[in-house]
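# A look at the structure
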Amino acid sequence: MGRAGCRLPALAALFYGALAALVLLGVRDVLFLYEENRCSMTYMYEYPEYLKIKLPKKTARRYPAYELYLYGEGNYAKENKNLLLTGIPVLFLPGNAGSYKQVRSLGSIALRKAEDVDFKYHFNFFSVNFNEELVALYGGSLQRQTKFVHECIKVILKLYRDREFAPTSVAIVGHSMGGLVARALLTLKNFKPELINLLITQATPHVAPVMPLDKYLTDFYTAVNNHWILKAQDLRNLTTLSVAGGFRDYQVRSGLAFLPRLSQHDSALSVVSSAVPRAWASTDHLSIVWCKELILATIRAFFDLIDENTRQITEDPKKRMSILNHHFVRHPAKIFEENPEAFTELTGAFMWITVKASKWTYSVNNDSDGKYFTFPLASHRKSYSHVYCENSMLDTNSWIYGCMNSNSSMCLEATDLSWRAELLPTTKVVILKLQDYPSLSHIVIQVPPTAGNKYTLDCEFFKEDSRTVQLPVTHLFSFGLSSSKILLNSTGLLYNVQLQHFTHIYQAFKIYIESHCQSLKERKPSVYRLHIPWSHEDSITVAKVPSFTEISAKLHIAQPQNDSRVPELNIYSSSDCQYEVILRTSLLQVLGQIIRFHAGALPVYIVSNILLTYGGQLSTLISTGQCSDFSLELVRTAKPYKVEPLISIVVFLQGFNWFREIWESLSLPEVDAAVLSSRDACFPLVSLILFLFGTGIAYWSGVFFSTSLRLFSSLWLTLIRPTVLQKDKLMTPRRLCAVLSLALVSWTTCGAFAVLIIYLQYLFKVIKLHVNVRAEQNMLNGDSDHSKETSQNSSIHTVKNQSLMDSISEATQSLSNSTTIAEAVNSLKMHVTILNLFTWVVLLNLPSLIYWLKNLRCNVRLDPDPCRSTAIIIVCILEILMNSSTSEMKSSKLLKIAAKVPLPLSVAMLTFGRAHLYKVPHFVTFSLLLHVLCCIV
């Protein structure tokens, strides 16, 4: 039994160490293992200047920390110092801890673009200074920021009063939380929706906060999203574009940046930067504001949005939407035209050449004569379903046409099929389904005279079935040991590999593509596109031929319930090359997906495990009179089967109307599992996995905490002489004054600050107790050794009666000391667990403290304060607990109740706290309030 007893903690440490290691691997995948930064930096050609706009006195007095600026450079900045503005107003809103100077990339490139058109049109970029507030950590200032932006819009529009082309609305670009503030404008009672007609957000978490740390934050999100859903009809004239950063942005996952699905209107568009034409790059949370490729796409869209008559952004929502689709979804490699001509005249002294082959390649190299290559469709319609053409010349001219019912080999008038093209990194391609064009008799490829240009044109007719291959993805639990494989003996230019059963966010794969070619001649690069049909989150990889390429396949958005479309790997290949595609499950990336989607809920699972351990220690105290060690009790008590089945039952019953009615009649909040499911963030066994992860982290955080205590106590023993162990009173007048002082600090400054002070005081008290226990144990061990030596000497020498009485007295005192030390050890173990619990309470309240410290020069009092009232209760509880001992609890009538409460509290915490982290301290506080009552009653 002894060996087994020793083996069990070692196995537990190994198991929980493995769980903690899995968490670290997932964190590593999210933070470090992503594609390299393919964005170019934007540079200013002249020194940037920020002209402060004078605000009305009432506004400046109400919002003393906020400011409004106008961006400028060089002569443009000098001309605008008198604020005689004639451009189109655009307002930039920075995000969490963001600077108003982040507008410079947009402003500078817009200025260069305006110079290209001789300032026929230009934009005035304004920017708001939010004092770099940490609004992602504290939601109390979001409403204040929203109201200030409303005032700024009114000030901006007044600057254009009496101008010839005075604007009536402002376009807004919002980065991160700035985008959410822009959406919140529409929730203000006195806000006129016509004041903004275009909103572009960059890496904005629209769906939910990244970390729901306080009630103000979650309530703000609820108000904004509910308004946008319920008032969808009123938002038809507002065009909204949300651009997410992709997997490089580990601060805001792209799934959160997708605007809530609004079935009633189609004026909102969400894309991932890796799918944006001419960018095709994932961005991190900060680089999205300066990524040159994305900024260029944004500015091109802005200039295309200008109405020539009003010289402002067009009022036509359909045109706005088509322009955004043109620049951010599917770019045909042509300059945007609202209504392109239906027919085009094919003029010029070009040579007409008929091509009857099903596959055709033509290399252009300094051709002096223009050519039209015609492909008769009649002979191909029976044998083939599609025609595919590609052109490596990436200009914006038309190049492919369709002749209507022409019997000759020439046609003078044709429809321009170039608008059906799609731009890729190395080529522009057209795929036409012949059945959709029954009136076309010929396809015409135009090759104009070239001077110094070298490019290639390819066309082929094919059957869709011959170019579509199904590749079932490997099972999640294959752990990368098995693989799916296909071999494409390419005779064509395009293959579509359908990734069967790739629908869930927890799936992650490595796709390896190896290309082999028959000859060693120079070939155009291959393009591999992972296409997700239900959201704009495609990723594109360009690879040399031959080569071995690795592609990561994982989702930002899970497949919607009513969508049966299948993700595809589009291979734009080189002819006469062989492609081998191998797909394996990537365990590392699966862990990364779990952390990416659920890292915010991990603190809830960790605290739940510690709370279960705390309840187990109280139960052990009742049954044995001794308090067990934290690590051993966690191994014994923190079991997922105690909490997970109850949560699963509640979630299951939520599917029945009668149960939901009872639930609502009790005024109980919505179960967080249902909230996460609505965000496509839930999947089978995720709660169990997170619970085990939480157990592993709780175990090793307990080990770390105990080790740190030993180190601090050792340092203390070397520097300061320890005091004698003695029992403290629970409350004294001096301690009551300290409680009142900290309550006053909480009420007048910041609740989290008072919590941190009392926590540090408690930590100091526990370290002191640890030092005294170690000192007493050392003394007791020394006395024990001395008693043994005395006993040995008495067997050799004659001892007097008085000496015998002294030995009995010493033995009695030693027994009393050992009992006192045992009680102190029990109390120390209990204090360590409580301190471990409150460490997480402090960490969850820390964001509001950081916000308060950062804005201390503006306001001494944090208002509103998310933890003011809770802090006062915590201060009272900890002041009593730090002076308590387990001996006081053993005789309490409430101890049995206190020991049973942590289990239902853990269940409630996991039920209601995963999407509301700010509720966690409330559950912990209630549990320890019973502990205090046990010490008193």
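In this report, the structure presented in the accompanying data block is examined. Every value quoted in this text rests on a predicted model; they were computed, and no experiment measured them.

## Some words on the packing of helix α23 (residues 868-881) against helix α27 (residues 920-936)
Running from amino to carboxyl end, α23 crosses α27 at an angle of 35°, the nearest separation of the two axes being 10 Å. The chirality of how α23 crosses α27 is left-handed. On the side of α23, the interface is formed by Thr 870, Ile 873, Ile 874, Ile 877, Ile 880 and Leu 881, while α27 contributes His 922, Thr 925, Leu 928, Leu 929, His 931 and Val 932. Among the residues making up the contact of α23 with α27, the classes are represented as eight nonpolar, four polar and no charged.

## Comments concerning the packing of helix α14 (residues 602-624) against helix α19 (residues 686-719)
Interaxial distance between α14 and α19 falls to 8 Å at its minimum, and their mutual angle equals 65°. The handedness of the crossing between α14 and α19 is right-handed. Between α14 and α19, the residues in contact are Leu 602, Tyr 605, Ile 606, Ser 608, Asn 609, Ile 610 and Leu 612 and Ser 687, Leu 690, Phe 691, Phe 693, Gly 694, Thr 695, Ile 697 and Ala 698, respectively. Taken together, the residues of the contact of α14 with α19 sort by class into 10 nonpolar, five polar and no charged.

## Quick notes on the sheet that holds strand β24 (residues 526-531)
On the basis of which strands lie adjacent, the open sheet formed by five strands has the order β20-β22-β27-β24-β25 and mixed pairing. Lying at the two open borders of the sheet, with one neighbouring strand each, are β20 (468-472) and β25 (539-543). On average, adjacent strands in this sheet sit at an angle of 20° to one another, irrespective of strand direction. With five bridges connecting them, strand β22 (residues 494-500) and strand β27 (residues 568-572) associate as antiparallel partners. Looking across to β27, one finds that Tyr 495 is bridged to Ile 571.

## What to know about the state of the cysteines
Summed over the entire model, instances satisfying the criterion amount to four disulfides. Here Cys 39 pairs with Cys 291 through a disulfide, and the sulfurs are 2.1 Å apart. One disulfide, between Cys 39 and Cys 291, carries an S-S torsion of -80° and so falls in the left-handed class. Taken as a pair, Cys 39 in the loop between α1 (2-31) and β1 (48-52) and Cys 291 in the loop between β8 (268-272) and α9 (292-304) lie far apart in primary sequence, 252 residues in all. Note on cysteine connectivity: Cys 403 is disulfide-linked to Cys 411, with sulfurs 1.7 Å apart. Take Cys 403 and Cys 411: they sit in the same class, and that class is buried. Sequence-ordered numbering of the disulfide-bonded cysteines in the chain gives the connectivity 1-2, 3-6, 4-5, 7-8. With no disulfide of its own, Cys 858 lies 15 Å from the sulfur of Cys 750, the closest cysteine sulfur.

## So, the sheet that holds strand β13 (residues 386-391)
The strand order across the open sheet formed by five strands is β11-β19-β13-β17-β16, and the pairing between neighbours is antiparallel. The sheet terminates laterally at β11 (359-365) and β16 (422-423), the two strands that pair on one side only. Two elements, β11 and strand β19 (residues 454-462), share seven bridges in a ladder whose sense is antiparallel. Bridging across to β19, Tyr 362 finds its partner in Leu 457.

## Digging into the pattern of salt bridges
If you walk through the whole model with that rule in mind, you get 22 salt bridges. The partner of Lys 319 in a salt bridge is Glu 338, with the nearest N and O atoms 3.6 Å apart. One end of the pair, Lys 319, is in helix α10 (residues 317-328); the other, Glu 338, is in the loop between α10 and β9 (344-345), with 19 residues separating them in the sequence. For Lys 334, the salt bridge identified is with Asp 416, shortest N-O distance 3.9 Å. Of this pair, Lys 334 sits in the loop between α10 and β9 while Asp 416 sits in strand β15 (residues 413-416); the two residues are 82 residues apart in sequence, bridging distant segments of the chain.

About the thresholds
Residues numbered from 1 in each chain as written. Predicted model: local features only at pLDDT ≥ 70, side-chain atom pairs only at ≥ 80, totals over all residues. Heavy atoms only, no water. Axes fitted to C-alpha atoms, helices over the stretch in contact; angles between N-to-C directions. Helix = DSSP H or I, 4+ residues; strand = E, 2+ residues; numbered from the N terminus. Left-handed = near helix turned anticlockwise from the far one by under 90°. Contact = heavy atoms within 4.5 Å. Nonpolar A, V, L, I, M, F, W, Y, C, P; charged D, E, K, R; others polar. Pairing = 2+ DSSP bridges. Disulfide = S-S within 2.5 Å. Buried < 20%, exposed > 50% of the residue type's maximum accessible area, 1.4 Å probe, protein only. Salt bridge = Lys/Arg side-chain N within 4 Å of Asp/Glu carboxyl O.

None of the figures reported here should be taken as evidence of function without further support.
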